[in-house]
Amino acid sequence: MNTLINKFRIFLFPLSLFYWGITIFRNLFYTIGFFVSKRLPVPTISVGNITVGGTGKTPTVIAITQILLEMDRYPGIVSRGYGRKSSGCITVSDGKILLTSWEEAGDEPFMMAKRLPNVPVVVDEQKYRGAKYAIDNFNVDTIILDDAFQHRSVERDLDIVLFNCRDPKEYYRMLPYGRLREPIRSVMRADLIICSRADKNSPPVPLRKALRLQNQKQIMSGLKVQENIDLTGLKVFAFCGIGDPNSFYNILEEKGAKILGQTIFPDHHTYSIEEIDKLKTKAKRLKANCLVTTEKDWIKLSHWKEARDFILPIPVNVQWLNNSEKVIYERLKGLTV
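S.K.: Explain the layout of surface pockets to me, and be specific about the residues and the numbers.
M.R.: The gaps left among the atoms become clear once a water-sized probe is rolled over them. Put simply, the largest pocket is a space of about 930 Å³. Looking at the largest pocket, it is lined by 39 residues, and the ones nearest its centre are Lys57, Glu108, Asp267, His268 and Lys296. Residue assignment for the lining of the largest pocket shows that the elements contributing at least two residues are α3 (57-70), α5 (107-115), α8 (245-254) and α10 (295-298). Looking at the lining of the largest pocket, its residues break down into 11 nonpolar, 15 polar and 13 charged.

Here is the structure:
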């Protein structure tokens with residue numbers, strides 16, 4: 001199937017040229033001031049990427065928020081809420097309690113709200129409106145914009161871009177021919193580059209070339225399973241619906257799990273009881289001890305008793321490499337309230 005897709009992929013190239021032209025002119029209009037960016041009254045941090053697919057963005061947003069909390073800041077997170085069954089400005093958490101379901105919030109914002117119970121989380125397709133709502137209603141002193149590198153209608157004081165070092169060079173072509181949301185030279189807009197999955201791979205050639213154009217500090221990160229989870233010798237059947245499923249499976253093996261089988265679903269997949277039953281049947285047929293999945297997938301399953309009995313969620317955290325946490329801390333400390 002992949003060979004067939006690659007054979008006809010060349011026909012997507014004209015569409016990539018068209019998309020490239022749109023992004024070039026859009027960025028140009030922001031640069032010359034034809035399109036205007038609005039400034040928020042508090043320091044604003046954007047965490048985003050220029051490729052589609054998994055870069056470890058959500059764990060990074062959580063990690064940066066935790067650093068801000070350690071600095072006695074009171075941050076709020078604003079996300080689009082991809083895939084949610086709602087529209088407009090919705091409060092996921094007011095920093096005290098969860099106020100909506102994952103269906104209304106989107107899986108990633110809901111997951112962030114659960115991991116950060118003291119942090120307001122708002123979803124809004126208009127990020128400036130959502131950020132103003134968080135500032136006016138929850139008195140936050142810092143805004144973190146989730147997945148906002150392309151959302152240039154809001155000014156930011158720190159623009160962070162993530163790249164997945166596991167991505168092959170073929171990804172660094174414009175959509176739909178590759179996976180770039182905008183030309184890779186756009187990385188020059190960023191204040192800080194995070195090369196995620198850097199514990200396993202060095203950046204591919206197109207990314208290394210782009211980084212040579214970027215004078216700002218590049219830092220490295222990986223992902224690790226939470227320390228209180230022991231998978232040593234556990235026989236598991238793994239499944240997930242995330243942007244970079246292979247990273248999840250590699251993390252399981254590094255933690256000592258023996259993967260007897262695996263199933264990959266599309267990113268942000270919504271599961272049915274029938275799908276879970278089929279997975280359980282496969283796992284038991286292979287004599288697996290349990291099913292394992294990601295924290296993001298578990299968000300959409302934890303309300304089912306059928307899931308709780310046999311599925312183990314695996315939360316992961318960012319692992320800063322080469323003293324990178326100190327670099328992040330210094331950049332955040334430089335943001336004046």
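S.K.: I'd like to hear about the state of the cysteines, residue by residue, with values.
M.R.: Taken as a whole, this structure holds zero disulfides when the rule is applied. Cysteine 240 carries a free sulfur, and the closest cysteine sulfur to it, the one in cysteine 290, is 15 Å from it. According to the relative accessible area criterion, cysteine 290 is buried, its value standing at 10%.

S.K.: Describe the sheet that holds strand β1 (residues 44-49), with residues and values.
M.R.: With mixed pairing, the nine strands of this open sheet are ordered in space as β3-β4-β2-β5-β1-β6-β7-β8-β13. Of all the strands in the sheet, just β3 (90-94) and β13 (316-321) have a single pairing partner and so form its edges. Within this sheet the neighbouring strands show an average axis-to-axis angle of 25 degrees, counted without direction. Sheet analysis places β1 next to strand β5 (residues 142-146), joined by four bridges and oriented parallel. Across the sheet, residue threonine 44 finds its bridge partner in β5, namely isoleucine 143. Against the sheet, α5 engages β2 (75-79), β3, β4 (120-123), β5 and β13, with an angle of about 20 degrees to β3.

S.K.: Please give an account of the packing of aromatic side chains that cites residues and values.
M.R.: Within the structure shown, the criterion is met by 11 aromatic pairs. The interplanar angle of 45 degrees and the centroid separation of 5.6 Å between the aromatic rings of phenylalanine 34 and phenylalanine 35 together place this pair among those described as tilted. Note that arginine 179 overlies the ring of tyrosine 171, its terminal NZ or CZ placed 4.0 Å from the centroid.

S.K.: Summarise the side chain of aspartate 297; cite the residues concerned and give the values.
M.R.: By the element assignment, aspartate 297 lies in helix α10. Buried charge without a salt bridge: aspartate 297, with lysine 300 as the nearest opposite-charge side chain at an N-O distance of 4.2 Å. A polar contact of 2.5 Å, which involves the side chain of aspartate 297, links it to the side chain of threonine 294.

S.K.: Requested: an account of helix α6 (residues 127-138), with residues and values cited.
M.R.: Compared with an ideal rise of 1.5 Å per residue, which puts 12 residues at 16 Å, α6 spans 16 Å between its outermost C-alpha atoms and is within 8% of the ideal. Among all positions in α6, only Lys127, Gly130, Ala131, Ala134, Ile135 and Phe138 are buried. All buried residues of α6 project into a common sector of 135 degrees when viewed along the axis, lining one side. Backbone geometry just after α6 places asparagine 139 at a positive phi near 60 degrees.

S.K.: With reference to specific residues and values, describe the sheet that holds strand β9 (residues 235-240).
M.R.: Spatially, β10-β9-β11-β12 is the arrangement adopted by the four strands of the open sheet, whose pairing is parallel. Two strands in the sheet have a free side with no partner beyond their single neighbour: β10 (258-264) and β12 (311-314). Each strand of the sheet is rotated relative to its neighbour by a mean of 30 degrees, with strand direction disregarded. With respect to the sheet, α8 is in contact with β9, β10, β11 (290-294) and β12, its orientation differing from that of β9 by roughly 160 degrees. Along the sheet face, helix α9 (residues 273-285) touches β9, β10, β11 and β12 and points at about 155 degrees away from the line of β9.

S.K.: Hey, could you go over the environment of alanine 148 for me, with residue numbers and the actual values?
M.R.: Position of alanine 148 relative to the elements: it lies in the loop between β5 and β6 (158-164). Spatially, the C-alpha atom of alanine 148 lies 9.4 Å from that of valine 161, the residues being 13 residues apart in sequence. Setting aside residues up to four positions removed in sequence, alanine 148 forms contacts with Ser46, Val47, Gly48, Lys127 and Arg156.

S.K.: Break down unusual backbone geometry for me, with residues and values.
M.R.: Backbone torsion omega between leucine 175 and proline 176 reads 0 degrees, so that peptide bond is classified as cis. Relative to the helices and strands, proline 176 is located in the loop between β6 and β7 (192-196). Positioned with a positive phi, arginine 197 is a non-glycine residue whose angle comes to about 60 degrees. The residue arginine 197 is located in the loop between β7 and α7 (205-212) in this model.

S.K.: Any details on the pattern of salt bridges? Residues and values, ideally.
M.R.: Overall, the coordinates contain 19 salt bridges when judged by the stated rule. Linking arginine 129 and glutamate 125 is a salt bridge whose minimum nitrogen-to-oxygen distance equals 3.8 Å. Judged by its relative accessible area of 37%, glutamate 125 is partly exposed. For arginine 181, the salt bridge goes to aspartate 147, with nearest N and O atoms at 2.8 Å. Placement of arginine 181 in the loop between β6 and β7 and of aspartate 147 in the loop between β5 and β6 is noted, with a sequence separation of 34 residues between them. On the accessibility criterion, arginine 181 (18% relative accessible area) is buried. Judged by its relative accessible area of 25%, aspartate 147 is partly exposed.

About the thresholds
Residues numbered from 1 in each chain as written. Predicted model: local features only at pLDDT ≥ 70, side-chain atom pairs only at ≥ 80, totals over all residues. Heavy atoms only, no water. 1 Å grid on protein atoms, 1.4 Å probe; cavity = no way out; pocket = protein on both sides within 12 Å on 5 of 7 lines; lining within 4 Å. Points joined across faces, edges and corners; volume = space filled by probe spheres on them. Helix = DSSP H or I, 4+ residues; strand = E, 2+ residues; numbered from the N terminus. Nonpolar A, V, L, I, M, F, W, Y, C, P; charged D, E, K, R; others polar. Disulfide = S-S within 2.5 Å. Buried < 20%, exposed > 50% of the residue type's maximum accessible area, 1.4 Å probe, protein only. Pairing = 2+ DSSP bridges. Axes fitted to C-alpha atoms, helices over the stretch in contact; angles between N-to-C directions. Contact = heavy atoms within 4.5 Å. Phe/Tyr/Trp six-rings, centres within 6.5 Å; stacked < 30°, edge-to-face > 60°. Lys NZ or Arg CZ within 6 Å of the ring centre and 35° of its normal. Lys, Arg positive; Asp, Glu negative; His and termini not counted. Salt bridge = Lys/Arg side-chain N within 4 Å of Asp/Glu carboxyl O. Polar contact = N/O pair within 3.5 Å; in protein donor to acceptor, adjacent residues only side chain to side chain. Expected span 1.5 Å × (residues − 1). Arc of directions from axis to C-beta.

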